[in-house]
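Fold and contact review
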Amino acid sequence: MSENNKKLLISTRKLKKYFPVKKGVNLKAVNDVSLKIYEGEKFGVVGESGCGKSTLGRVILQLYPQTSGSCVYYGKSIQELNPKYIQKEINHLKAYQSNAIKYYQDSLNLDNKAKALNDKRKELDPDGSSNDAKKYDKISREIAKIEFDSKELKKNASRQLREGSRTVGSLILCENIEEIAHLFTLAEQEVEKAHECLVKYKDVKNKFDENNVTIHQKINISQWILEIEEKDAKEPSDENKQRLHDLKQIKKRVENVNIDQLTNENNELELELKKLSDKIQKHHEIEMSYCDKAFSFRGKNILNITERTMDPAYQKKLDDNYETGLNLNKLTKEEMRVIRSDMQMIFQDPAASLDPRQTVGKAIEEALAINTDMKPQLRREKTMDLLGKVGLKREHYYSYPHALSGGQKQRVGIARAIALEPSFIILDEAVSALDVSVQAQILQLLNNLSQEKNLTYFFITHDLGVVKHFCDRIMVMYLGNVCEMASSDELFHHTLHPYTQSLLDAVPRLRVDETKKLEDDVLQGEVPSPINPPNGCPFHTRCKKCMTVCQHKRPELMEVFPNHFVACHLFNKEN
Ligand code: SF4
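The structure contained in this document is the topic of the report that follows. (Residues numbered from 1 in each chain as written. Predicted model: local features only at pLDDT ≥ 70, side-chain atom pairs only at ≥ 80, totals over all residues.)

**Considerations on the pairing of strand 3 (residues 42-46)**
For strand 3, the tally of buried residues reaches five of five residues, placing the bulk of the element in the interior. On strand 3, burial covers both faces: Lys 42, Gly 44 and Val 46 on one face and Phe 43 and Val 45 on the other are all buried. Bridge analysis of strand 3 against strand 8 (residues 456-461) gives five bridges, and the strand direction is parallel. Within the sheet, the bridge partner assigned to Lys 42 lies in strand 8 and is Tyr 457. Relative to strand 9 (residues 473-478), strand 3 is paired through four bridges, and the arrangement is parallel. Each residue of the ladder has a partner; that of Val 45, found in strand 9, is Met 475. (Buried ≥ 20, exposed ≤ 12 C-beta atoms within 10 Å, placed from the backbone. Helix = DSSP H or I, 4+ residues; strand = E, 2+ residues; numbered from the N terminus. Pairing = 2+ DSSP bridges.)

Spelled out as C-alpha cells, the structure:
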C-alpha cells in the first residue's frame, strides 16, 4: 500500500517529555519525536534500556503529560467527540495573532537598542585605558543579554503563530482573523449539533442491535441447547456443562420475548436511524461550507507580522500544522476517558499486571463494566468469547492468575486489552518475559488479531529479532532521540545509522567468521545521562565514525531514501 492510500491513525510532531529533576535541570526522556502511524500498521520501536521508548508510548497514551509538541489521534472524528478545546482555541485566535505582533515588535525594539549600544561600543577602544576596557566589557554584556532576549521574543512570536495554525493553518496570518474566527465558530456549532445526533444514533443503534440479538437467540436457543446436550452425552466435559448452563440462562431471559413486537420495534428504529444519519450529513455539509468560506481567505491580506510571514514556504508550513484530528494533550479528563477505550496497553510482566485476588473473568470484565453499559450476563458472554479468541478455555474464566502459566497470563492481558475493541495497542516489551516458544505463539496470536480486527500496534522492544519478523516499520531511538526510521526490510538490509548497525552487530548468533573478535561488534561505553546529554549528536560519545561536526551540531532527521529517515551527519550532503 502506498503511503497516500494509508489512513493516518496517530501523528506526533516535535513531541518532548522532560522530567524535572531539580530547579533548571530536566531529564530529557523524549526529545523532538515526530512520527506517523497508519491504521493496521505494526510499528516497532527499538533501543537500549532508558532510550525513551516506553516513555514515548506512555506520552502517546497521555499517561504522562507531554512537555511540548503535539500528539494527534485520527481514530475518532471531531464530530464523534466534540472536544471543548476547539471552541476555546477559536476564541483565542485573535490573541495568538496580537501576541505574535507584540512579541515581534518588542524584539525589533530590542534589536534597535542593541544596535545603538553597538554604535556606542565602536567608539570605545577595548585595548585602551582601563576605564574604556571596563565600559567596553559592560556594553558587550548588555548587548549579549539584549540579543538573547530579542531571540527569545522572536521564538515566542513564532510559537504563537504555530499554536494558532493548529486550528486554522496559515489563516492565522490574515488581517481578517476575527471574521475567520466567526466562520469557524459557526462551523463548530454545526459540529455540536452533529455530535448530539450521533449520540442519539448510537443509542438507537445499540437498542436495534440488542433486539436483533434477542430475536436471533429466541429463534435458535432450543436448537443450540439440543446440540450441546448431544455433544455432552457423547463426550461429557466441564466446558459443555458450563455452556449448557449459560444457554439455559439465555433461554430463561428470552422466554417471554414476543418476536413480532421486537421486529416492529426494529422497523421503527431503522427509520429513526435513517433520519438521524441524514441530519448528521446535513450538519456536516453546513460545517464544511463555513470552513470553505473561511479558507477562501487563504493567502489574502497577509499581515507582515514577522520577517517570515510573507514567505509562501512558511505559510505552507503553517498550513501543514492544521490539525484535522484530536489533539490528545488538549482533551479534558472525561474526553480522554472516551478515547482510552480506543487505545490500550499490554505490559511486559503479565503476572504483575493482573490482580492476584481477582479471577481471570473478573479482570477482563472490569473494563467492560467501567466503560460500557453492558448488562452482567452480556459481559460474561463477551468475556467467554474473548477467552476463546485468545486461545484460552472457558473454564479459565474462574481461574486465578497464580494457576496460569506465563503465556496464559499474557493471553489474559491481551483479552483484557482487546475487550473494548480498541484500534491502537501499545505493547511494552509484551513478549520479552516469555519463553521463546511462548513468544512465537503470542506473536502469532497478535498477528491474527491484527488481521481480524485491523488493529494497529506500537511494539516497544529491545529485541531486534522480534521486530524484524513482526513489524512493518521500525524506529530506532537513542537517548530520547530518533536515529533511524524505515520499513522493516529496508532497515535490516540497508542499515544506515551507526547506532542501528551496532545494535544489529550485537544480536547473538552462531559465529561463522572466526577471525573476527567479539569486541569488534560490541558497542563500547555507557549510555550518557539524559539529564546532561552530550552536545551535537547524542551518539557521538560512542560512535566509531564520529566526525568533528558531530560534536557540536545535532543532526536532523532526514529522508535519505524514500521513507527511510536517518539522523546522522554522514548522510547530510552539506557536511
Ligand atoms: S552524526 Fe556523527 S556521531 Fe552521530 S551517528 Fe552520525 S557519524 Fe556518528
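The structure having been displayed, the exposition proceeds.
**What to know about the packing of helix 6 (residues 177-234) against helix 8 (residues 259-295)**
The relative placement of two packed helices is expressed as an angle between their axes plus a distance between the axes. Interaxial distance between helix 6 and helix 8 falls to 8 Å at its minimum, and their mutual angle equals 160 degrees. One element, helix 6, and the other, helix 8, form an angle in the roughly antiparallel class. Note on packing geometry: the crossing formed by helix 6 with helix 8 is left-handed. The class makeup of the residues in the contact of helix 6 with helix 8 is 23 nonpolar, eight polar and twelve charged. (Axes fitted to C-alpha atoms, helices over the stretch in contact; angles between N-to-C directions. Parallel < 35°, antiparallel > 145°, perpendicular 65-115°, else oblique. Left-handed = near helix turned anticlockwise from the far one by under 90°. Nonpolar A, V, L, I, M, F, W, Y, C, P; charged D, E, K, R; others polar.)

**Some remarks on the packing of helix 11 (residues 360-371) against helix 13 (residues 406-418)**
Running from amino to carboxyl end, helix 11 crosses helix 13 at an angle of 25 degrees, the nearest separation of the two axes being 8 Å. Judged by the angle between their axes, helix 11 and helix 13 are roughly parallel. Crossing of helix 11 over helix 13 shows right-handed handedness. Along its contact with helix 11, which presents Val 360, Ala 363, Ile 364 and Ala 367, the element helix 13 presents Val 412, Ala 415 and Arg 416. (Contact = placed C-beta atoms within 7 Å.)

**Quick word on the environment of Val 168**
Along the polypeptide, Val 168 turns up in helix 5 (residues 130-168). A sequence separation of 242 residues divides Val 168 from Gln 410, and the C-alpha atoms of the two residues are 44 Å apart.

**Concerning the nonpolar core**
Within the largest apolar cluster, 82 residues are counted, with the highest numbers of intra-cluster contacts made by Ala 415, Leu 427, Phe 458 and Phe 459. Counting contributing residues per domain, this core is built from domain 1 (1-77 + 326-342 + 424-575) and domain 4 (352-421), each supplying no fewer than three. Non-local contacts of Phe 458, meaning those with residues more than four positions away in its chain, are made with Ile 37, Phe 43, Val 45, Gly 57, Ile 60, Ile 426 and Leu 427. Ranked by size, the runner-up nonpolar core spans 32 residues in total, among them Ile 146, Leu 173, Ala 194 and Ile 305. (Core = buried A, V, L, I, M, F, W, Y, C linked by C-beta atoms within 7 Å. Domains from an automatic or database assignment.)

**Things to note about the sheet that holds strand 6 (residues 343-346)**
Sheets are built from strands paired through backbone hydrogen bonds, the pairs being either parallel or antiparallel. Reading across from one edge, 6-7-8-3-9-10-12-11 is the order of the eight strands in this open sheet, with mixed pairing throughout. The sheet is open, and its two edges are formed by strand 6 and strand 11 (558-561), each paired on a single side. The sheet shows a mean angle of 25 degrees between the axes of neighbouring strands, direction not considered.

**Things to note about the sheet that holds strand 2 (residues 25-38)**
Reading across from one edge, 2-1-4-5 is the order of the four strands in this open sheet, with antiparallel pairing throughout. At either end of the open sheet lies a strand with only one pairing partner, and these are strand 2 and strand 5 (326-327).

**Overview of helix 12 (residues 376-389)**
The end-to-end C-alpha separation of helix 12 is 20 Å, in line with the 20 Å expected for 14 residues at 1.5 Å each. Three or more residues of helix 12 are buried, namely Thr 383, Met 384, Leu 386 and Leu 387. All buried residues of helix 12 fall inside an arc of 160 degrees around its axis, so they share one side. Helix 12 presents Gln 377 and Asp 385 as exposed residues on the side facing more than 90 degrees away from its buried surface. Next to the buried residues of helix 12 lie helix 11 and helix 13. One or two residues past the end of helix 12 sits Gly 391, with phi positive at roughly 80 degrees. (Expected span 1.5 Å × (residues − 1). Arc of directions from axis to C-beta.)

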